[in-house]
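Close look at the chain arrangement
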Amino acid sequence: MREATAAGTGRTRGSADPVLTARGVSIDYAGENVVHAVKDVSLTLHRGEILGLAGESGCGKTTFAYGLNKLLRPPANLVAGRVVFHDEDGTDIDVTALEGQGLRRFRWDKVSMVFQGAMNSLNPVISVRAQLYDVFSTHRPDMSKAAKSSASEELLRLVGVDPVRLDSFAHELSGGMRQRVMIAMALALRPQVMIMDEPTTALDVVVQRGIVRELMRLREELGFAVVFITHDLPLLLEISDRIAVMRDGEIVELGESETIYTSPQHPYTKTLLESFPSLTGERGSFVRTGAEH
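I will try to describe carefully the structure that is included in this document.

Rules used throughout
- Residues numbered from 1 in each chain as written.
- Predicted model: local features only at pLDDT ≥ 70, side-chain atom pairs only at ≥ 80, totals over all residues.
- Heavy atoms only, no water.
- Salt bridge = Lys/Arg side-chain N within 4 Å of Asp/Glu carboxyl O.
- Helix = DSSP H or I, 4+ residues; strand = E, 2+ residues; numbered from the N terminus.
- Buried < 20%, exposed > 50% of the residue type's maximum accessible area, 1.4 Å probe, protein only.
- Phe/Tyr/Trp six-rings, centres within 6.5 Å; stacked < 30°, edge-to-face > 60°.
- Pairing = 2+ DSSP bridges.

Further remarks concern the pattern of salt bridges. Using the criterion set out here, one finds 14 salt bridges in the structure. Of the charged contacts in the structure, one is a salt bridge between Glu-153 and Arg-157, with a shortest N-O distance of 3.8 Å. Here Glu-153 pairs with Arg-157, and both are found in helix H5 (residues 145-158), just 4 residues apart, close to one helical turn. Residue class for Arg-157 comes out exposed when judged on its relative accessible area of 53%. Of the charged contacts in the structure, one is a salt bridge between Arg-217 and Glu-221, with a shortest N-O distance of 2.9 Å. With Arg-217 and Glu-221 both in helix H7 (residues 205-222) and 4 residues apart, the pair spans about one turn of that helix. Arg-217 gets classed as partly exposed once you look at its relative accessible area, which sits at 34%. Residue classification places Glu-221 among the partly exposed positions, given a relative accessible area of 46%. Here the salt bridges do not stand alone but share partners, grouping Arg-180, Glu-214, Arg-217 and Glu-221 into one network.

Right, here's the structure in full:
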């Protein structure tokens, strides 16, 4: 089993306590020619930190994230490894062994997910209010209608959306609003971990900034940990405590963001960094503080 080790010695935020641990995770896509999408990946997410997962399209980032939350669907199959959630009450939950009602209770309550493309994730024929109510009805069946209404309004305010939008449908919202609503839904049950799969990819840079600022504020306020998946390495360098660089189904480098920026060790990490041009340097160059051109 290959354990990815951090290059740094301490984190700027979060705690030393693990909240989610993956050990030797391997995921295949079945078929005439089996695709080994994730290969023997081991990773620890610490409580309250933002862990960036970077890599080019098709490297296995999203497949691995789905494996963490047991959201894989055929032909994808976890063929080896174990995922353990370390609850704040001190108990450990073997995610890979969860089934039925146990799995239903775990999802969104302990670990939630913001999927890529909010328009495809929100139900187009029911209002935002109905979708939030559905989360509460499923996971908090004893919750009164008044409590659901109050909680829904609070959630929208939390993510910077006017509660009047509770009665809107997805097509009536801007892309940034839809993404904020998805974040609100993911936060509804106050999970300890949020997995975000390229949450800003389809948004313009100004809206991206707003979403990222909101995420950072919410993380500081509520204390949840984040796995942030994207191919945008400069964004991860800015917001993440640590970054895992993934290539061909494997984590080739893991370290603190500053260390990844100033002293990348793996050739692929260096290639990723050099693929983003400097706005001030010579054409064809990428300037890294403390690193050779």
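The rest of the description comes next.
Moving on: the packing of aromatic side chains. Evaluation of the coordinates by the stated rule reveals 2 aromatic pairs. Their ring planes at 75° and their centres at 6.1 Å tell us that Tyr-66 and Phe-115 sit as a pair that is edge-to-face. Of the two residues, Tyr-66 is situated in helix H1 (residues 61-68) and Phe-115 in the loop between strand E7 (111-114) and helix H3 (118-121); the sequence distance between them amounts to 49 residues. Its relative accessible area of 19% is what places Phe-115 among the buried residues.

Next up on the list: the pairing of E7. Alternating residues of E7 divide into Val-111 and Met-113 and Ser-112 and Val-114, and every residue in both groups is buried. Of the strand pairs in this sheet, E7 and strand E8 (residues 193-197) are connected by 4 bridges, and their pairing is parallel. When the bridges of E8 are listed, Val-111 appears paired with Val-193.

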